[in-house]
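The chain contents come next:
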There are 2 protein chains.
Amino acid sequence: MSKGNLLSVRHDVRVLDATLRDGGLCNDFFFTDEFVKNLYKANIKAGVDYMEFGYKASKEIFPTDKFGKWKFCDDDDIRAIVGENDSPMKIAVMADVGRCDYKNDFRPKNESPVDLVRVATYVNALPTAVDMIEHFNKLGYETAINIMAISKEKTEDLKAALEVFGESPVDTIYIVDSYGAYYPEQIRRTSQMYLEYAEKYGKNVGVHAHDNQSLAFANTIDALQEGVSYLDATAMGMGRGAGNCRSELLIGFLKNPKYKPEPILDHIENYMIRLKDEGVQWGFDIPYIITGQRNSHPRTAIAFQKAHRKDYRNFRYELYDLE
Amino acid sequence: MSKGNLLSVRHDVRVLDATLRDGGLCNDFFFTDEFVKNLYKANIKAGVDYMEFGYKASKEIFPTDKFGKWKFCDDDDIRAIVGENDSPMKIAVMADVGRCDYKNDFRPKNESPVDLVRVATYVNALPTAVDMIEHFNKLGYETAINIMAISKEKTEDLKAALEVFGESPVDTIYIVDSYGAYYPEQIRRTSQMYLEYAEKYGKNVGVHAHDNQSLAFANTIDALQEGVSYLDATAMGMGRGAGNCRSELLIGFLKNPKYKPEPILDHIENYMIRLKDEGVQWGFDIPYIITGQRNSHPRTAIAFQKAHRKDYRNFRYELYDLE
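How each quantity is defined
In every chain, residue numbers begin from 1 and rise along the written sequence. Note on labels: chains are lettered from A, ligands numbered from 1, in written order. The model is predicted, so local features are restricted to residues of pLDDT at least 70 and side-chain atom pairs to those at 80 or more, both for listing and for counting; the totals for chains, interfaces and linings are taken over all residues. Under the DSSP-based scheme used, a helix requires at least four consecutive residues in state H or I and a strand at least two consecutive residues in state E, with every element numbered from the N terminus. Two things to know: the radius of gyration comes from C-alpha atoms, and the globule rule equals 2.2 Å times the number of residues to the power 0.38. C-beta atoms are first placed from the backbone for all residues, and any pair lying within 7 Å is then listed as a contact. Helix span, expected: 1.5 Å multiplied by one less than the number of residues in the helix. To sort residues by exposure, count the other C-beta atoms lying within 10 Å of each residue's C-beta; 20 or more gives buried, 12 or fewer gives exposed, and values between give partly exposed, all with C-beta atoms placed from the backbone. What the arc describes is the spread of directions from the helix axis to the C-beta atoms. In this document the domain limits rely on a domain assignment from an automatic tool or a database. Each residue is assigned to one class: nonpolar for Ala, Val, Leu, Ile, Met, Phe, Trp, Tyr, Cys and Pro, charged for Asp, Glu, Lys and Arg, and polar for all the others, Gly among them. The pairing criterion is simple: DSSP has to find at least two bridges between the two strands. Fitted lines through C-alpha atoms give the axes, limited to the stretch in contact for helices. The angle between two N-to-C directions lies from 0 to 180 degrees. Look down the strands so they point away from you; if going from the first strand over the helix to the second traces a clockwise path, that crossover is right-handed. Comment on the angle field: the value is read as roughly parallel under 35 degrees, roughly antiparallel over 145, roughly perpendicular from 65 to 115, and oblique elsewhere. By convention the crossing between two helices is left-handed if the near helix lies anticlockwise of the far one by an angle smaller than a right angle, and right-handed if it lies clockwise. pLDDT gives the predictor's per-residue confidence on a scale running from 0 to 100. Superposing the copies works by least squares over the C-alpha atoms of residues that have pLDDT at least 70 in both of them.

Here we come to the overall build of chain A. Summing up its helical and strand segments, chain A has twelve helices and eight strands in all. Its C-alpha radius of gyration of 19 Å places chain A within 12% of the 20 Å reference for a compact globule of 323 residues. In terms of its C-alpha atoms, chain A occupies a principal-axis envelope of roughly 55 × 45 × 45 Å. If you take every contact in chain A between residues at least 6 apart in sequence, the share linking residues at least 24 apart comes to 78%.

Set out below in structure tokens:
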């Protein structure tokens, strides 16, 4: 059921840059304005279709002095970067179930620079997620649902969720491999399952991969080949723990000539490497392999990295005991 | 034509550790005896099936004071590590077409600790490679042929080569993605082609992947799923340029309980990290993406890394000009 081969230009493909959003989890969203402006310009030149600026987190729950502004994504802060966003690239934000005040913190679409609101949920919070989708849809936004941690969910529960989201007004349903646990065989099978529901209900399917087992890019392009069309990536793979599919890999791979990797390479040279040099931690490393292989949340591996530990065997044993 | 799924134990699988051989290209084969002894023991405990000790390079061509002993792999040096090799793990060495004195430097198998000789060749040196295979076969060795740089070869030439090696006494034919240029779709297709000839002639098929595009592990397990059974890996991916499929990923993935990742993790903790700290360079990084995407030899990317350059856009342009 392949939807193209290596030489195909798939006009349904949309690349979403999630550097600020998933990457912000590594530095509490403290990006400089210069960084954000440069990334915005680089993404436009690279042909990126959506740029996600961060979370719309509730200021009641998260203290504003502990996080940079992209944890909250005020419309005015986005405007300060994008102006009228005179570009084909759309602006996205993420709203986490239970962590945002969605009834109050979103203005109608026609008053906002935001185009797409992505709702992140676990399967068990589905009713709230649907309420959020309906709310954002009524405000005029394009919407997506990111169902997280699906490698821990039973297939029948996931199918029930896909049915519910299929009947909702959501535009795009994302496969999210939160734990970087999926192998290509599994991502292909999962893509087929999502696409079956998506085709029934007229939705797009997206993929958001993590690099715990060095499979984020492979899983993303395998999902693409199955027919998934919304592809998440981040510059230099910046994202929580092992990070994400790298924009420089994905954009260099895609065959549509609108995608150009050079602006992303420039952004890496001029900005991303500096973040690493300043001590911001992310990216594939041994402990993430271990949590990925165990299909576990990466938080234990992140703590292991922060402690500069190298006793991998012990870590592996600890993980068994924790389960 | 899948030969198993994620829960299968495939009894035809053989893992070959190429850390000393491909990794030796990063440090001119100057491994300490302690390193080599520890790796040998770790591989046995991890369930590794073959350990490749290095090259059988000609001392007429390569000065022995410029390289460590694993460039030459004298039988006595191997014996000093393995004794009578009282283990199920077999010992391998590599013989490069044009770089070894194969008529003089190999004793008969029953006088040597070596079990498997892998011949590395380009398609155009095929007649010599076949002569070497026949010679090693007569000496009593198990043999493999590693046809390199196949991403640059025409399919009809490759098929002609597979026919010739099929008719030779070689035991195993390797898919070698020298430039890390293959995407999973291509590795699956290539695996099918190799397996077609292998099944006709009763040969095994192996895979040796490079990590230029962060696909070494993905390509290895995709080849495995197609039916490829000899799988190359190296501790921490150590190998020229972007390096190889990581043993810790592969061995953690395989379902046969004989494979245990902990001894590899110990070797990484105690030995591999030290090599990195001492300045030995290898592993996935941006310039290798660029040569991988261009299907180019990684030598330009290695030079870029050695010069500590970060001007990726320029490098990309230089590569276009070079072609």
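There is more to say after this.
Turning our eyes to something else, we now look at helix α4 (residues 126-139) of chain B. All names here are of chain B. Taking 1.5 Å per residue, 14 residues should reach 20 Å; α4 reaches 20 Å between its end C-alpha atoms and fits that length. Within α4 the residues assigned to the buried category are Ala 129, Val 130, Met 132, Ile 133 and Phe 136. Taken end-on, α4 shows its buried residues confined to a sector of 160°, consistent with a single buried face. Projecting away from the buried face of α4 at angles above 90 degrees are the exposed residues Pro 127 and Lys 138. Taken together, the buried residues of α4 touch β3 (90-96), β4 (116-121), β5 (142-147) and α5 (155-167). Backbone geometry just after α4 places Gly 140 at a positive phi near 105°.

Our focus in this paragraph is the domain arrangement of chain A. All names here are of chain A. Segmentation of chain A into domains returns domain 1 (14-277) and domain 2 (286-322). Of note, the centres of domain 1 and domain 2, computed from C-alpha atoms alone, are 26 Å apart. Listed by partner, the interface residues are ten residues for domain 1 and eleven residues for domain 2. Residue composition of the side of domain 1 that touches domain 2, grouped by class: three nonpolar, five polar and two charged.

Now for the environment of Gln186(B). Residue and element names in this part refer to chain B. Structurally, Gln 186 can be placed in helix α6 (residues 184-201). Assessed through the 17 C-beta atoms surrounding it within 10 Å, Gln 186 is described here as partly exposed. The sequence separation of Gln 186 and Arg 107 amounts to 79 residues, and the corresponding C-alpha distance is 39 Å.

Quick look at the sheet that holds strand β2 (residues 50-55) of chain A now. All names here are of chain A. Around the barrel, which closes on itself, the eight strands sit in the order β1-β2-β3-β4-β5-β6-β7-β8 with parallel pairing between neighbours. When strand polarity is set aside, the average angle formed by the axes of neighbouring strands in this sheet is 25°. Both strand β7 (residues 204-208) and strand β8 (residues 230-233) contribute to a ladder of two bridges, which runs parallel. Bridge pairing links Val 207 to Leu 231 in β8.

Residue and element names in this part refer to chain B. The buried fraction of strand β2 (residues 50-55) amounts to six of the six residues, a majority that puts the element mostly inside the structure. Of the strand pairs in this sheet, strand β1 (residues 14-17) and β2 are connected by two bridges, and their pairing is parallel. Within the sheet, the bridge partner assigned to Leu 16 lies in β2 and is Tyr 50. Two elements, β2 and β3, share four bridges in a ladder whose sense is parallel. The residue bridging Glu 52 from the neighbouring strand is Ala 92, located in β3. Of the crossover connections in this fold, the one passing from β2 over helix α3 (residues 75-82) to the parallel β3 is right-handed.

The next thing to look at is the packing of helix α5 (residues 155-167) of chain A against helix α6 (residues 184-201) of chain A. All names here are of chain A. Two elements in contact, α5 and α6, have axes whose closest approach is 9 Å; the angle formed by their N-to-C orientations is 25°. By the angle between their directions, the pair α5 and α6 is classed as roughly parallel. For the element pair α5 and α6, the recorded crossing hand is right-handed. Side by side, α5 and α6 meet where Leu 162, Glu 163, Gly 166 and Glu 167 of the first sit next to Tyr 194, Tyr 197, Lys 200 and Tyr 201 of the second. Of the residues in the contact of α5 with α6, the class split is four nonpolar, one polar and three charged.

The pLDDT averaged across chain A works out to 96; a share of 99% of its residues lies at or above 70. Taken together, the chains of this predicted complex give a pTM of 0.96 and an interface ipTM of 0.94.

Facing 31 residues of chain B, the contacting portion of chain A comprises 31 residues. Listed by contribution, the elements that provide at least two residues to the side of chain B that touches chain A are α6, α7 (216-226), α8 (247-253), α9 (262-277), α10 (286-293) and α12 (312-322) of chain B. It is α9(B) that provides the largest number of residues to the side of chain B that touches chain A, a total of six residues.

Superposition record for chain B on chain A: RMSD 0.0 Å, screw rotation 180°, translation along axis 0.0 Å. Given the turn and translation reported, the copies of this chain are related as if by a two-fold rotation axis. When the interface residues of chain B are mapped onto chain A, 100% of them again fall at the interface, so both copies present the same face.

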